[in-house]
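The lines below spell out each chain.
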Amino acid sequence: MKKTLFLVRHAQASSSVSPDIFRPLTPSGMIDAARMSRHLADKLTGIELILTSNSERTRMTTQVFCEQLKLDEGMIQEEASLYESTPKYYLDAINAIPENITVAMLVGHNPSISYFAEYLTHEDIGSMPTCAVVGMTFENLTWAEVSKRTGHMFIYDSPDSIISIT
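The name that an unreviewed UniProt entry assigns to the chain is Histidine phosphatase family protein, with the source organism given as Flectobacillus rivi.

The following block contains the structure:
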């Protein structure tokens, strides 16, 4: 059965709050999260589970995506291991997704989320901008089998690509 995964880098966060885990989104970050989720609403469908770091900025990004996509916040699962971690912890989180879930989202941090997207897809993604989204599918794999070069990227988008008409 096909699995779909969306990787989202948190939106722009304040740099003036300490400690780091409590940094909230800036007003611009809130706007970017709302714009990105609306912009990609026709592609971000069927989401059944959202894994997010326990930082304030990833929680806020996740909440805005849920509001804009009309998703139940009950599907959010906070994972402390995704904060200040390596791609290995991202892979562990994906490999542990229950098999009855076919579409999942992970909201995390750079540089790990960018490295993880490249690891899974073998695409040259580079550093994902804040609030960027990478979508990929896995054909005929269980979540536990997801690993290096098993993902097929079908979307890579960021707030910079959205043209604003004023």
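Next, the rest of the story.
What follows concerns the packing of helix α3 (residues 87–95) against helix α4 (residues 112–121). Where α3 meets α4, the axes come as close as 9 Å, and the angle between the chain directions of the two elements is 65°. The chirality of how α3 crosses α4 is right-handed. Each of Pro87, Tyr90, Leu91 and Ile94 in α3 lies in contact with α4, whose residues at this interface are Ser112, Ile113, Tyr115, Phe116, Tyr119 and Leu120. Tallied by class, the residues present in the contact of α3 with α4 amount to nine nonpolar, one polar and no charged.

For α3, the set of buried residues is Tyr90, Leu91, Ala93 and Ile94. For α3, the angular spread of buried residues about the axis comes to 160°, placing them on one side. Buried residues belonging to α3 abut β1 (3–9), β2 (49–52), β4 (103–108) and α4.

Counted by the stated rule, this structure contains eight salt bridges. The closest approach of N and O atoms between Arg23 and Asp20, which form a salt bridge, is 2.8 Å. On the basis of relative accessible area, Arg23 is assigned to the buried category, the value being 18%. Asp20 gets classed as partly exposed once you look at its relative accessible area, which sits at 25%. Linked by salt bridges that have partners in common, Asp20, Arg23 and Arg57 make up one network.

Further remarks concern the packing of aromatic side chains. If you walk through the whole model with that rule in mind, you get three aromatic pairs. Here Phe6 and Phe154 contribute two aromatic rings whose centre-to-centre distance is 5.9 Å and whose plane-to-plane angle is 75°, an arrangement assigned as edge-to-face. In this pair, Phe6 is assigned in strand β1 and Phe154 in strand β6 (residues 152–157), connecting sequence segments 148 residues apart. Residue Phe6 is classed as buried on the basis of its relative accessible area of 1%. An angle of 65° between the planes, with centres 6.2 Å apart, marks the rings of Phe138 and Trp143 as edge-to-face. Residues Phe138 and Trp143 agree in their burial class; the two are buried. Over the ring of Tyr89 we find Lys88, and its NZ or CZ is 5.8 Å from the ring centre.

Rules behind the numbers
- Residues numbered from 1 in each chain as written.
- Predicted model: local features only at pLDDT ≥ 70, side-chain atom pairs only at ≥ 80, totals over all residues.
- Heavy atoms only, no water.
- Axes fitted to C-alpha atoms, helices over the stretch in contact; angles between N-to-C directions.
- Helix = DSSP H or I, 4+ residues; strand = E, 2+ residues; numbered from the N terminus.
- Left-handed = near helix turned anticlockwise from the far one by under 90°.
- Contact = heavy atoms within 4.5 Å.
- Nonpolar A, V, L, I, M, F, W, Y, C, P; charged D, E, K, R; others polar.
- Buried < 20%, exposed > 50% of the residue type's maximum accessible area, 1.4 Å probe, protein only.
- Arc of directions from axis to C-beta.
- Salt bridge = Lys/Arg side-chain N within 4 Å of Asp/Glu carboxyl O.
- Phe/Tyr/Trp six-rings, centres within 6.5 Å; stacked < 30°, edge-to-face > 60°.
- Lys NZ or Arg CZ within 6 Å of the ring centre and 35° of its normal.

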